[in-house]
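Chain by chain, the residues run as shown.
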Amino acid sequence: MNPPKRALAFLRWFCREDYLEEIEGDLTEIFVKQSQSSPHQAKWKFTWSVIRYFRPGFIRAFRNVNQSAYGMYISYFKIGWRNLLRNQGYSFINIFGLALGMTVAMLIGLWVYDELSYNTYHKNYDQIAQVWVGGTDPETQEIVGHIAVQQPAAFALKNNYSHYFKHVVLAWWPGDNTLSLGDRKFIRHGQFIEAASLEMFSLDMLQGSYNSLNDMHSIILSRSTAEAIFGKDDPMNKTLKIDNRMEVQVTGVYEDIPRNSKFGDLKFFAPWPLWVTVMPWIKQSETNWDNRSFNIYVQLQPGIQMEEANAAVYDFYFKNLPKDLLKQAEKWKGFMQLLPMNTWHLYSELKNGKPTTGRIVFVWLFGSAGGFVLLLACINFINLSTARSEKRAKETGVRKAVGSMKSQLVAQFLSESFLVVVVAFILAAGFTTLSLSWFNELADKDISIPFSNPVFWSIVMIFIFITGFMAGLYPAFYLSSFQPVKVLKGAFRSGRLAALPRKILVVVQYTVSVMLIIGTIVVYQQIQHARNRPAGYDRESMISFMMTDPAFKGKQEVARQELFNTGMVEEVAFSSSPLTQVWSSAGGFSWQGKDPAKDTDFDLCYVSHTFGEAVKWKLVQGKDFDLEHDYDSSAIIITESAAQYMNLDNPVGELITHEEDKIRYHIVGVVKDVIMGSPYEPVKQTFFIQNRYDYSNIHIRLKQGTGTAEAVAKVERVFKQIVPTASIDYRFADDAYSYKFSQEERIGKLSGIFAVLAIVISSLGLFGLASFVAEQRTKEMGIRKVLGASVANLWRMLSKDFIILVIISCGIAIPVAYYYMDLWLEKYTYHTGLSWWIFLVTVLGALTLTLLTVSFQAVRAAMMNPVNSLKSE
Amino acid sequence: MKHYTLGEFEELVLLMVAALHDEAYGVAILEALEEKLNKKLNISAIHVALKRIEDKGFVKSRFGGITEDRGGRRKKFYVITALGKRMLDTQYELRNSIYKQIPKISFS
């Protein structure tokens, strides 16, 4: 017969410990006696008695419910905090270093997140693709292709593949257009596109609907643009003019697309049919399978997989081309494929027709750089805590002797590292917030910290956890494994082996830092190398712009004359494409001595006869265009690489025929290569053809020695008079050229900053270690000094260890860096070499920095008066 | 020294502790008192009184050996202290002296 369990448990729960035994015993005794006569009553009696004990004087103090565990943790943090305060120098190095590392990791994390979420703004992200057409070059056997597609292909896709595609949308290339409201003009980036695109790209329509582009004379504006043009007025149904030749009505306003989308820079959408009306050639090419100029976007039918659709369109050409063109398609093994939206940004580069690389390379590169910098900071923490373990050894010994278990000590040291990590995180969050706007500018991004996002916080928690563990685990296990007897007897010495992991970690740190520095120098070298490459023309004091307004037509000669009259202009020229891009290329040329089997391919640029004078290209052979002599004849100037490609030693005077058009050109001169495409690629063979009509670009060379601002103002005034409707978006040639380097420069800057931070963090750690070693060897130094060692001797002795470590790091870093940078440079056809001085400079730099860091401590220790150092303790 | 008073029930318990001498523990006191008073008491009342007089210093306690019928719990034995004894003595004398002042009146 047992007393009622619940009542007993209740008693045990509330009763004072010192009373419990007596009360429980007495109650049980009574219960046992009573239960012999009436068990039921005994139970009741027992319970009733227990309840009567529930009164002041018998209830224990409930404040210390979890006394054991809770108090322990409080004590851990208290001890940890006191330790931080006692060693402020080390704490600063630890926390500040870790905060720096975390800031870098956070910035990079945000950047990587931004890159990975590119285009995900669009709800149909998984179902949107762009059409890409290509084939195998019969000569090189390479797969080549483009996103520029023939117009009839779009119609065939719409008609014959409707069970795969929900929408097939034809679009023109996005471009800058002038939107004008009365006299006010706004240059905005926009796209002419078919109406279904609004639903396809899931625009957030603030006004209007997904049907807003159905009418031919309509336009939808982004919110920012609508506000810029109309201010507070309602933009709906207002009339605008595009490029002064298309009258449109605003039928909708959409929320601006975020910048990390392919369409993020588009400020308006206008209907495709409107574009066709102003571009008669597009109308004419509706059935032309030779003209590849258009973009086609598709959205899959629900339930259709991208692979299915891709397989279905692969043989598109053989099913849909007219009979007479099939032969050409067979020769080129033509095929069509869909580039899914998730490859547009991260895998934008196609290798052999497959999207393989692109920005994803940088995501990996920066991601690993961020991880490394964080690792360096963690290594600092590990090194300093283990190095200082001797100081804590006594504490550990006492704790163990009093009865701490190893697991409790591990918990203690881990909680200390968490304390540091949390403090560092708070600092890092501050740093990140402060540096974000600067970082955005540098990285050309629009990133914000998603403080309200639970995903962000869970990542932060994981991040803190991982860092806390990474930084605290080794010290925790190392410190807690001390043997208390040895430690307390004072026999504890961390021997040679104890310092070994520390040394290895220093080597790792410096290896990473040196590699980052070498990488940065090489990136800068490569940019500089490409910059110094002769561009083939003079980029100084020349401005160019596009003549989009139809009012320019026929005004070119007048404009040229008026510009001369300002006295500020040396020459004016016109061309079919800007100097920084190649817009057209063609094949089908033949000349004397040409290998008849060879397919030809040239970049073409149509220019006015003054072009050479204006851009100041460098003639190698022959002469420049001459209006009087070459007025009717189709004169042509070729580049050096074209002469080489055509295998002509004396090209001047030779004739070139275009097989289909039956046009004959005669070569009047040869110029040095003009870089119009990528400065990292070899220049393609180019023809400059004199032509008097098809100009869309104007180039104005300003006179040397005139004030640029004044000259530009005068030029603008001239155009205001001649073509008052046009808006002029001019650019300086050197700016336009520099823009080609912006991507590489950005990467160079970012990696430079990371490298500097990495070296700062490593140096901080080394500084801490050096000061520790100096402190540890104070007595030894004192004795050495007494025995006659000089300051220089002692300095050398202390610095030597660290210098050896850094030399080992360099020994590892250089071959690895060489391998990877060589690989990176290989990507560029026009690249710099890896010269030995880069490595030498890096090694010398690392050594100097180490010496400076270590010497500060070493010299201070060596200068100390031996009387003091020997007396201490 | 603080002047402590003794409540009626406390006095009874203290008397019983003194009477039982070395055998005074919760249940024994309870049973003895129940017998003398001829009424049922609750053990908690005894404990409350015991703790109070112990706080006041009239008794002191010690643990006894383990016994089977108490579920392995030890008994707590109470012994009266000199102070307790003195307290009982003064109480007794006080009552006695007042009692003697009562005139010999017949109530029958």
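Check the entry above for the structure.
Note that the structure is predicted; figures quoted are calculated from it, not measured.

**Q** Explanation requested: the overall build of chain B in the structure shown.
**A** Within chain B, the regular secondary structure consists of 4 helices and 2 strands. For chain B, the sequential pattern of α-helices and β-strands runs α-α-α-β-β-α. In terms of overall dimensions, chain B has a C-alpha envelope of 55 × 40 × 20 Å along the principal axes. The buried share of chain B, reckoned over its 108 residues, is 41%. The contacts of chain B with a sequence gap of at least 6 include a subset with a gap of at least 24, amounting to 52%. When the accessible surface of chain B is summed, it comes to about 6,900 Å², and 55% of that surface belongs to carbon and sulfur atoms. Charge-centre separation for chain B: the mean point of 19 positive side chains lies 4 Å from the mean point of 14 negative side chains.

**Q** Is there a simple way to think about the overall build of chain A in this case?
**A** Across its full length, chain A carries 30 helices and 27 strands. Taking 2.2 N^0.38 as the reference for a compact globule, 873 residues should give roughly 29 Å; the C-alpha atoms of chain A span a radius of gyration of 39 Å, well beyond that estimate. Taken along its principal axes, the extent of the C-alpha atoms in chain A is 125 × 90 × 55 Å. Expressed as a percentage of the 873 residues in chain A, the buried residues total 51%. Taking contacts inside chain A between residues at least 6 apart in sequence as the whole, the part at least 24 apart equals 78%.

**Q** Explain the interface of chain A and chain B here, please?
**A** Interface size is commonly expressed as the accessible surface area that is lost when the partners come together. Facing 22 residues of chain A, the contacting portion of chain B comprises 24 residues. Interface of chain A and chain B: buried area, both sides summed, is about 2,000 Å²; carbon and sulfur atoms make up 49% of it. The largest per-residue losses of area from chain A upon contact with chain B belong to A:E21, A:E22 and A:E29, which jointly make up 32% of the total buried on that side. In this structure, the connection of chain A to chain B is made through 4 salt bridges. For A:K33, the salt bridge is made with B:E31, and the minimal N-O distance between the two is 2.7 Å. If you look at where chain A meets chain B, you find 10 residue pairs in polar contact (both at pLDDT 80 or more). Every element with two or more residues in the side of chain A that touches chain B is listed here: α2 (17–37) and α3 (39–53) of chain A. No other element matches the 14 residues that α2(A) contributes to the side of chain A that touches chain B. For the side of chain A that touches chain B, a count of residues per class yields 8 nonpolar, 3 polar and 11 charged.

**Q** Please clarify how the environment of A:I51 should be interpreted in this entry.
**A** Looking at the secondary structure, you find A:I51 in helix α3. In this structure, the C-alpha to C-alpha distance between A:I51 and A:K672, residues 621 residues apart in sequence, is 106 Å.

**Q** Explain the packing of helix α15 (residues 360–387) of chain A against helix α26 (residues 742–776) of chain A here, please?
**A** A pair of packed helices is captured by two measures, namely the crossing angle of their axes and the spacing between those axes. Where α15(A) meets α26(A), the closest approach of the two axes is 9 Å, and the angle between their N-to-C directions is 10°. Classified by the angle between their axes, α15(A) and α26(A) sit roughly parallel to one another.

**Q** How should I be thinking about a nonpolar patch on the surface in this particular structure?
**A** Together, A:I462, A:F465, A:I466, A:F469, A:M470, A:L473 and A:F477 make up an exposed nonpolar region whose accessible area comes to about 630 Å². Looking at the element boundaries, A:M470 is found in helix α18 (residues 454–480).

**Q** Explain the nonpolar core here, please?
**A** Soluble globular proteins tend to bury their nonpolar side chains together. Residues and elements named next belong to chain A. Membership of the largest hydrophobic core comes to 70 residues, with the highest contact counts inside it found for V522, F611, W617 and F688. The dominant element in this core, judged by the number of residues it contributes, is helix α28 (residues 791–826), at 13 residues. The residues contacting F611, other than those within four sequence positions of it, are A573, F574, S575, L579, K616, W617, F688 and H699. Ranked by size, the runner-up nonpolar core spans 53 residues in total, among them V131, L157, F186 and F316.

**Q** Just checking my understanding: could you explain the side chain of A:Q857 for this structure?
**A** Summarising the element assignment, A:Q857 is placed in helix α29 (residues 836–863). Setting aside residues no more than four positions away along its own chain, A:Q857 makes contact with A:F767, A:A770, A:S771 and A:A774.

Conventions adopted
Here, residues in each chain are numbered from 1, in the same order as that chain's written sequence. Chains and ligands are labelled by the order in which they are written, letters from A for the one and numbers from 1 for the other. Side-chain atom pairs in this predicted model are given and counted only at pLDDT of 80 or more, local residue features only at pLDDT of at least 70, and totals for whole chains, interfaces and linings cover all residues. Think of the side-chain values as coming from all heavy atoms in the structure, minus any hydrogens and water. Numbering of helices and strands runs from the N terminus; a helix is a DSSP stretch of H or I covering at least four residues, while a strand is a stretch of E covering at least two. For each residue, the accessible area found with a 1.4 Å probe, counting protein chains only, is set against the maximum for its type, and the residue is called buried under 20%, exposed over 50%, and partly exposed in between. Whether two residues are in contact is decided by their heavy atoms: any pair within 4.5 Å suffices. A 1.4 Å probe and the Shrake-Rupley method give the accessible areas. Residues count as covered only by the protein chains that appear here. Neither His nor the chain ends is counted toward charge; the positive residues are Lys and Arg and the negative residues Asp and Glu. A charged residue contributes its charge at one atom only: NZ of Lys, CZ of Arg, CG of Asp or CD of Glu. Here the radius of gyration uses the C-alpha set of atoms, whereas the globule reference equals 2.2 Å times the residue count to the power 0.38. Buried area: the sum, over both parts, of the accessible surface (1.4 Å probe) that disappears when the two are put together. For salt bridges, the criterion is a side-chain nitrogen of Lys or Arg within 4 Å of an Asp or Glu carboxyl oxygen. Counted as a polar contact is a pair of N or O atoms within 3.5 Å, where, for protein atoms, one must be capable of donating a hydrogen and the other of accepting one, and residues adjacent in sequence contribute only when both atoms are in side chains. Following the grouping adopted for this structure description, the nonpolar residues are Ala, Val, Leu, Ile, Met, Phe, Trp, Tyr, Cys and Pro, the charged ones are Asp, Glu, Lys and Arg, and the polar ones are all others, Gly among them. Convention adopted: a line fitted to C-alpha atoms gives each axis, helices being fitted over their contacting stretch, and angles between N-to-C directions are expressed from 0 to 180 degrees. Small angles under 35 degrees read as roughly parallel and large ones over 145 as roughly antiparallel, with 65 to 115 read as roughly perpendicular and the rest as oblique. Within the patch definition used here, like charges are joined within 9 Å and nonpolar side chains (Val, Leu, Ile, Met, Phe, Trp, Tyr) within 5 Å, considering only residues with over 30% relative accessible area and no salt bridge. Buried Ala, Val, Leu, Ile, Met, Phe, Trp, Tyr and Cys residues form a nonpolar core when they are joined through side-chain atoms within 4.5 Å.

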